[in-house]
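# Secondary and tertiary structure notes
Single-letter residue listing:
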Amino acid sequence: MVNILIKADRISKIYTLFAEEIKAIKDLDLEIRQGEFIAIMGPSGSGKTTLLDILGCLDKVSTGKLNVLDHDVSAFKESSLVKIRRVNMGFVFQEFLLIPTLTALENVVLPLLFSGLPQEHSKAVSLLERVGLGHRINHLPRELSGGERQRVAIARALVTTPKILFADEPTGNLDTKSGQQIFDIFKELNQKDDLTIVLTTHNYKLGLQARRIMFLKDGCIVSREESSLFV
Amino acid sequence: MKILTVAFKNLQRKKIRTFLTIGGVAIAVAVLVSLMGFDTGYQKSLTNDIDKMGYQVLVTAKGCPYEAATLMLKGGGGLRYMEQSVFDKIAKDPRIERISPQLAATEFDKDRQNGQGGIILYMGVSNSYLELKPWSKFKSGQWFSSDDADEVIIGYEAAELEQRVAGDQIFIPNLNKVLKVVGIFERTGTQDDGIMFIPLATAQRIFDLPGKLTGIGIKLKDIGSLGDFEESLYNEPGIQVISMAQVKGTIFNLVSSSKVMTNSVAIIAILIAVIGVVNTILMSVFERTKEIGVMKAIGASRLDIFHIIWLETTLICVLGGFFGEIIAILGTSLVEHIIRQTLPYAPAGKLVIITPVLLLGSFLGAVIMGLIAGIYPAFRASSMRPVEAIRSGD
Ligand SMILES: Nc1ncnc2c1ncn2[C@@H]1O[C@H](COP(=O)(O)OP(=O)(O)OP(=O)(O)O)[C@@H](O)[C@H]1O
Ligand SMILES: [Mg+2]
């Protein structure tokens, strides 16, 4: 029996902008199973980020039914959403978004502080070592390269041992080489740790390396395919 | 790592801005502490000044009682004269415990204060003076050898200033007179420390005021009989009776009217500081919108964010309170100096007394101010929606 982590049933997201309704996600159905590695692709404005935010419980759906880890989150308020996401979801963003005043290690420990989990520094250090930054743990973000910052962000996303990792264009601000390195980390996490990963990307070369690719256009999924390139 | 660490590290990000905001709070706290310290100090010193006069009632020649009161506090009598016969009459009153006649006179000495010139106050007193002030002690020397000797006893500070010791000769140029220093008083912490005392008869003679007095200090056996006593002097022409309690009240009133001004300055300083703190924190909240968004994304609750911002505000005010108190303590003498220049009458003792209770109280005040100032910025930060915050600004 495959474990379904997220099940979306005709979900929509409607933004109202100057009295005009923009439907960023349109009646979308989706299932995400344990251990999947999904790349969401599609033109700019197609709703990739919006979808990721909703699946990650960062934002609410407008209509439809969304089931996340056996919770019907469609009607959840932000105060309930935060409880779901802080122990179950990890987030990586295009602009890294580390806290500039905190060192790499402190950035990684921060989610533990908010979640009220024990602040095991050894865990944070081993995660930083795993992403190849064992020698940079006391550096501030501004002392790190873009690729290094994104690796700190990945360690930060993993420190609460989440069930799903969401990454919105994680390689968008990186050169091809560091982009591939980051992607390799995702692949390894998915294969070795059976971590479920959902990411968006504009980069076909990278996107095609995911296990499943979903194409989005105007808020609808236009194709879902298993990747042949996944190794 | 604690929430406090996150808050504290953020304050270090814009050092100058943080420093200036803390400075604003510090100034407000310093002003407050100084003013309140002045309240206590002035009251204490004035009370001490008046109690140490040794008399409860002063009889002077008729004139403006306020003027008389201040003049008297500065030198023991309004410079209007009354006849010594009044003294002889009053002295027999059975309600009186002690009574001492005084004749004050001032001399301008152009050599004083490094050639700037200054006023020297001479006070003619009789032997009963010491009975009125039993705490008076001689640092050196002793009382006058006779009732009209050409001798002088100098108050502690006047002696220090003039570098006088017992046995010295003092020349009064305007009168072409030489007086011999026979004693120097110990410090009393009152205006007496700056006065030159001479025998009453000598004063009347050398200042050419025969049979004249400027005031009579009286201590009653029972202060309750003051009303009766005052009434019995009603028929005496040309004199007035001033009770020291009245004088104290009058001076307090004079000072409290100017206190309204200074207190409003303190309140304005505090208001400005609070606005400064709110502004700084609000600015830093808006600058950090994305950071706050990402903190929410990685698990911070509304309360966590509220906590961080609230702590930052409180930290600023705690630090401001601490430095403000240091400024107030270090600035005491400066404040004293300024007050002495501006007040109509300043007692001799410490004018600004900063007590531990005052320090603790104002520190708590600063903390509370921080807690209040932090509410709105913290609320704004905690209300940001994670998605909007993260996507803001692109
Ligand atoms: N806060 C908002 N208010 C109004 N409209 C919004 C808001 N956020 C997104 N949209 C709209 O929703 C649609 C989907 O936006 P979204 O950011 O999800 O696209 P995307 O696929 O991530 O694009 P990109 O590849 O450029 O990142 C767009 O038309 C966008 O203009
Ligand atoms: Mg996007």
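Heads up: the structure comes first, above all this text.
Only a predicted model underlies this, so the values are computations on that prediction, with no experimental measurement involved.

## Comments concerning the overall build of chain A
- Broken down by element type, chain A carries seven helices and ten strands.
- Over its C-alpha atoms chain A spans a radius of gyration of 17 Å, differing by no more than 12% from the 17 Å that the globule rule assigns to 231 residues.
- Dimensions of chain A, computed from C-alpha atoms along their principal axes, come out at roughly 50 × 45 × 40 Å.
- Expressed as a percentage of its 231 residues, the buried residues of chain A come to 56%.
- Of all intrachain contacts in chain A linking residues separated by at least 6 positions in sequence, the fraction that spans at least 24 positions is 67%.
- Accessible area of chain A: about 10000 Å², with a carbon and sulfur share of 51%.
- One way to put it: in chain A the 29 positive side-chain charges average out to a point 1 Å from where the 28 negative ones average out.

## Some details on the site of ligand 1
Residue and element names in this part refer to chain A.
- Every one of the 14 residues lining ligand 1 counts as a neighbour, but S44, K48, T49, T50 and H202 are closest to it.
- The contact in question runs from an oxygen atom of ligand 1 to an N or O atom on the backbone of G47, over 3.0 Å.
- Broken down by element, the residue count for the shell around ligand 1 peaks at three residues, all from helix α1 (residues 48–55).
- Partitioning the shell around ligand 1 into residue classes produces five nonpolar, seven polar and two charged.

## Description of the sheet that holds strand β9 (residues 212–217) of chain A
Residues and elements named next belong to chain A.
- The sheet built from six strands is open, its strands ordered β6-β7-β8-β3-β9-β10 with mixed pairing. Edge positions in the sheet fall to β6 (89–92) and β10 (220–226), since each has one partner strand and no second. Each strand of the sheet is rotated relative to its neighbour by a mean of 15°, with strand direction disregarded.
- Bridge analysis of strand β3 (residues 37–41) against strand β8 (residues 196–200) gives four bridges, and the strand direction is parallel. Among the inter-strand pairings, I40 is bridged to a residue of β8, identified as T200.
- Across the sheet, α1 is in contact with β3, β6, β7 (164–168), β8 and β9; its angle to β7 comes to roughly 155°.

## Observations concerning the packing of aromatic side chains
Residues and elements named next belong to chain A.
- A complete count under the given rule lists 14 aromatic pairs over all chains for this structure.
- Between the aromatic rings of F91 and F93, the centroid separation amounts to 6.2 Å while the plane-to-plane angle is 10°, which identifies the pairing as stacked.
- Using a relative accessible area of 3% as the deciding quantity, one classes F93 as buried.
- Centre to centre, the rings of F183 and F186 are 6.5 Å apart; their planes meet at 90°, and the pair counts as edge-to-face. Remark: F186 and F183 occur in helix α6 (residues 176–193); sequence separation between them is three residues, near one turn of the helix. The same class applies to F183 as to F186, namely buried.

## Observations regarding a nonpolar patch on the surface
- There is a patch of nonpolar side chains on the surface, built from A:Y15, A:L17, A:F18 and A:I22 and spanning about 440 Å² of accessible area.
- Residue class for A:L17 comes out partly exposed when judged on its relative accessible area of 46%.

Parameters at a glance
Residues numbered from 1 in each chain as written. Chains lettered and ligands numbered in written order. Predicted model: local features only at pLDDT ≥ 70, side-chain atom pairs only at ≥ 80, totals over all residues. Heavy atoms only, no water. Helix = DSSP H or I, 4+ residues; strand = E, 2+ residues; numbered from the N terminus. Rg over C-alpha atoms; globule rule 2.2 N^0.38 Å. Buried < 20%, exposed > 50% of the residue type's maximum accessible area, 1.4 Å probe, protein only. Contact = heavy atoms within 4.5 Å. Areas by Shrake-Rupley, 256 points an atom, 1.4 Å probe, with all protein chains shown as cover. Lys, Arg positive; Asp, Glu negative; His and termini not counted. Charge placed at Lys NZ, Arg CZ, Asp CG, Glu CD. Near = heavy atom within 4 Å. Polar contact = N/O pair within 3.5 Å; in protein donor to acceptor, adjacent residues only side chain to side chain. Nonpolar A, V, L, I, M, F, W, Y, C, P; charged D, E, K, R; others polar. Pairing = 2+ DSSP bridges. Axes fitted to C-alpha atoms, helices over the stretch in contact; angles between N-to-C directions. Phe/Tyr/Trp six-rings, centres within 6.5 Å; stacked < 30°, edge-to-face > 60°. Patch = residues over 30% accessible without salt bridge, like charges linked within 9 Å, V, L, I, M, F, W, Y side chains within 5 Å. Salt bridge = Lys/Arg side-chain N within 4 Å of Asp/Glu carboxyl O.

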